[in-house]
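These are the residues of each chain, in order.
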Amino acid sequence: TKVTFDFSKAAGFIREHEVQAFEGIADAAKEVLVSRSGLGSDYLGWIDLPVDYDKEEFDRIKKAAAKIQSDSEVLVVIGIGGSYLGARAAIEFLRHGFYNNIKKDQRKTPEIYYAGNSISSSYLQGLIDVVGDRDFSVNIISKSGTTTEPAIAFRVFKEMLEKKYGKAEAAKRIYATTDKAKGALKHLADEEGYQTFVVPDDVGGRFSVLTAVGLLPIAASGADIDELMKGAASGRELALNKPFAENDAMQYAAVRNILHRKGKSVEILANYEPSLHYVSEWWKQLYGESEGKDQKGIYPASVDLTTDLHSMGQFIQDGSRIMFETVLNVEKSRVELTIGEEPVDLDGLNYLAGKTVDFVNKSAMNGTILAHTDGNVPNLRVDIPEQNEYYLGQLFYFFEFACGISGYVSGVNPFNQPGVESYKKNMFALLGKPGYEKEREELLKRL
Ligand code: PA5
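Everything numeric here is computed off the predicted structure, so don't read it as measured data. (Residues numbered from 1 in each chain as written. Predicted model: local features only at pLDDT ≥ 70, side-chain atom pairs only at ≥ 80, totals over all residues. Heavy atoms only, no water.)

### So, the overall build of the protein
Across its full length, the protein holds 18 helices and 10 strands. Scaling as 2.2 N^0.38, a compact globule of 447 residues should have a C-alpha radius of gyration of about 22 Å, and the protein matches this with 23 Å. Overall size of the protein, expressed as C-alpha extent along the three principal axes, is 65 × 60 × 50 Å. In the protein, which comprises 447 residues, the proportion classed as buried is 53%. Residue pairs at least 24 apart in sequence account for 78% of intrachain contacts in the protein once pairs closer than 6 positions are excluded. For the protein, the accessible area works out to roughly 20000 Å², and carbon and sulfur atoms hold 53% of it. Computing the positive centroid from 52 side-chain charges and the negative centroid from 64, the protein places the two 4 Å apart. (Helix = DSSP H or I, 4+ residues; strand = E, 2+ residues; numbered from the N terminus. Rg over C-alpha atoms; globule rule 2.2 N^0.38 Å. Buried < 20%, exposed > 50% of the residue type's maximum accessible area, 1.4 Å probe, protein only. Contact = heavy atoms within 4.5 Å. Areas by Shrake-Rupley, 256 points an atom, 1.4 Å probe, with all protein chains shown as cover. Lys, Arg positive; Asp, Glu negative; His and termini not counted. Charge placed at Lys NZ, Arg CZ, Asp CG, Glu CD.)

### A closer look at the side chain of Glu149
Position of Glu149 among the secondary structure elements: in helix α7 (residues 148-165). For the buried residue Glu149, which engages in no salt bridge, the nearest side chain bearing the opposite charge is Lys424, 6.8 Å off. Non-local contacts of Glu149, meaning those with residues more than four positions away in its chain, are made with Ile80, Gly116, Ser118, Ile119 and Tyr423. (Salt bridge = Lys/Arg side-chain N within 4 Å of Asp/Glu carboxyl O.)

### A word on the nonpolar core
Soluble globular proteins tend to pack their nonpolar side chains together in the buried interior. Core analysis: the largest hydrophobic core is formed by 93 residues, its most contacted members being Leu33, Trp46, Ile218, Trp282, Phe399 and Phe401. For this core, the element with the most residues is helix α16 (residues 389-409), which contributes 13 residues. With residues near it in sequence (within four places) discarded, Ile218 still touches Ala87, Ala90, Ile91, Leu94, Val209, Ala223, Ile225 and Leu228. Listed in part, the 24 residues of the second largest apolar core include Tyr113, Tyr165, Ala176 and Leu185. (Core = buried A, V, L, I, M, F, W, Y, C linked by side-chain atoms within 4.5 Å.)

### Some thoughts on the environment of Val303
Along the polypeptide, Val303 turns up in strand β8 (residues 299-304). Apart from the residues lying within four places of it in its own chain, the contact partners of Val303 are Ile268, Leu269, Ala270, Asn271, Asp308, Met312 and Ile316.

### Some details on the sheet that holds β8
Taken together, the five strands give an open sheet; going across it, the order is β1-β10-β9-β7-β8, and neighbouring strands pair in mixed fashion. The sheet is open, and its two edges are formed by β1 (4-6) and β8, each paired on a single side. Neighbour-to-neighbour, the strand axes of this sheet turn through a mean angle of 25°, independent of strand direction. (Pairing = 2+ DSSP bridges. Axes fitted to C-alpha atoms, helices over the stretch in contact; angles between N-to-C directions.)

### Digging into a nonpolar patch on the surface
A grouping of Met312, Phe315 and Ile322 is seen on the molecular surface, where their side chains present a nonpolar patch of about 250 Å² in accessible area. Here Phe315 shows up in helix α14 (residues 313-318). Here Phe315 falls in the partly exposed class, since its relative accessible area comes to 35%. (Patch = residues over 30% accessible without salt bridge, like charges linked within 9 Å, V, L, I, M, F, W, Y side chains within 5 Å.)

### A word on the packing of aromatic side chains
Per the counting criterion, the structure on display carries 23 aromatic pairs. A centroid spacing of 5.7 Å and a plane angle of 70° characterise the contact between Tyr252 and Phe399, whose relative ring orientation is edge-to-face. Of this pair, Tyr252 sits in helix α12 (residues 248-261) while Phe399 is found in helix α16, placing the two residues 147 residues apart along the sequence. Owing to a relative accessible area of 0%, Phe399 belongs among the buried residues under this scheme. Here a set of aromatic residues connected by ring pairs shows up, and it is made of Phe5, Phe7, Tyr252, Trp282, Trp283, Tyr287, Phe396, Phe398 and Phe399. (Phe/Tyr/Trp six-rings, centres within 6.5 Å; stacked < 30°, edge-to-face > 60°.)

### Description of the site of the ligand
With respect to spatial proximity, 13 residues lie near the ligand, and among them Ser83, Ser142, Thr147, Gln285 and Glu289 are the closest. At 2.6 Å, a side-chain N or O of Ser83 approaches an oxygen atom of the ligand. Within the complex, the protein chains bury 88% of what would otherwise be the 380 Å² of accessible surface of the ligand. Of the residues in the shell around the ligand, the class split is one nonpolar, nine polar and three charged. (Near = heavy atom within 4 Å. Polar contact = N/O pair within 3.5 Å; in protein donor to acceptor, adjacent residues only side chain to side chain. Nonpolar A, V, L, I, M, F, W, Y, C, P; charged D, E, K, R; others polar.)

### Details of helix α13 (residues 277-291)
Residues that lie three or four places apart on an α-helix share one face, since the helix turns once every 3.6 residues. Here α13 contains 15 residues, and its C-alpha end-to-end distance of 21 Å stays within 8% of the 21 Å for a straight helix at 1.5 Å per residue. All buried positions along α13 are accounted for by Tyr278, Val279, Ser280, Trp282, Trp283, Gln285, Leu286, Tyr287, Ser290 and Glu291. Taken together, the buried residues of α13 touch α4 (85-94), α12, β7 (266-271), β8, β9 (323-332) and α16. (Expected span 1.5 Å × (residues − 1).)

### Section: the side chain of Thr373
With respect to the element layout, Thr373 can be found in helix α15 (residues 357-374). Classification of Thr373 by relative accessible area gives buried; the value is 17%. Setting aside its immediate chain neighbours within four residues, Thr373 contacts Lys9, Phe13 and Asn379.

### Re a negative patch on the surface
A cluster of acidic side chains, namely Glu341, Glu342, Asp345 and Asp347, defines a negative patch on the protein surface. Within the secondary structure, Glu341 is located in the loop between β9 and α15.

### Things to note about the sheet that holds strand β6 (residues 195-198)
As summarised here, the arrangement of the five strands in space is β3-β2-β4-β5-β6, forming an open sheet in which the pairing is parallel. The sheet is open, and its two borders are formed by β3 (111-115) and β6, each paired with just one other strand. Within the sheet, the average angular offset between the axes of one strand and its neighbour, ignoring direction, is 20°. Across the sheet, helix α9 (residues 184-192) touches β4 (136-142), β5 (174-178) and β6, and the angle it forms with β5 is around 145°.

Interpretation note: all reported values are geometric properties and have no functional meaning in isolation.
Right under this line is the structure:
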């Protein structure tokens, strides 16, 4: 068993020979990717990461996670974008659905909260209130070390730690994941004596979940990072070595590009498990930042189902025909919950008595796939055997590899993100950051 891609339900939109015809294109893109001869080839460290990572650091990550678990009731993970979404996706996918709310003796690991992913003062104050006077630690994650959102949140929580524990003890509760040598955070960490972890030069933010960026928070949550890496290694093996006809990642890359060329400009990633919400958020960043450039790209969107069938369902079924849908299907539910029988069938649900809630969920999924197909929304499926570390590692690699292939197929550099700089320039100018005086004058005139 493995994570697999299935486009059989899209047969009415794509004929078999169209996919076969794409083999050469996909193979050529793969060759460019693995020979590291294409655009952005300085950022391909993720390709071998599952088998070629810093083992000494990996051990330090486990030790740091154990220390956090032993001395902290709360871990505040500070980061944004690629320095945030992977860890959250993994923790929510792998751990209890109400992780922070279950009793500590059931969880045995700290509550985990995220900061630095917005600039909201009420969010920050809310989190300060939640941490309260409890023991806590901070993992600040920023590759550049200069991103405004996490830098502001870090100032707040650093001050809180220093007030509570004094500077020396606070320094032992701060874990900094950043560049190995440069950036403000690295200099601060060296100055203050924080333990540091490295975001490798050749791994971009959205491809960094299997570095310390993701691994330290994931390990602190009690998840098994050895299994995660093993799963990713098997995903790598499949992606690199299987021929196109049996290569799920390459077929996914091919099929989404075929649909794009037929005019489908939106891909909706749909899940039927609330715990996959952040996998979709991670996926949106991965595909949106990698492909959305040079006035090109498929717009990545997501829905949580069946929840959003009661809102966005209308549009998907019957609105503008601009999208295809990719369903994340967890084959084996983590939990078996059986629907009981009522002596008097007032709610009319006795026909489901004895059935599991997951059976109902799967029926909703299968019914929806067919309904959307009938509504002219091509439906693709990614099957995930179950929610564990191994298959999550495979899933991460599947999407990363397909993203690299897909980006090269559409002729962009999938590994840069020039577009994210524009808002920063304006924000710095408006804030009066030294060096932005001229831009400031111009912007103020326009406001
Ligand atoms: O993918 C990206 O480049 C961004 O989403 C970054 O990950 C995000 O801006 C955070 O950057 P940094 O880790 O440098 O703070």
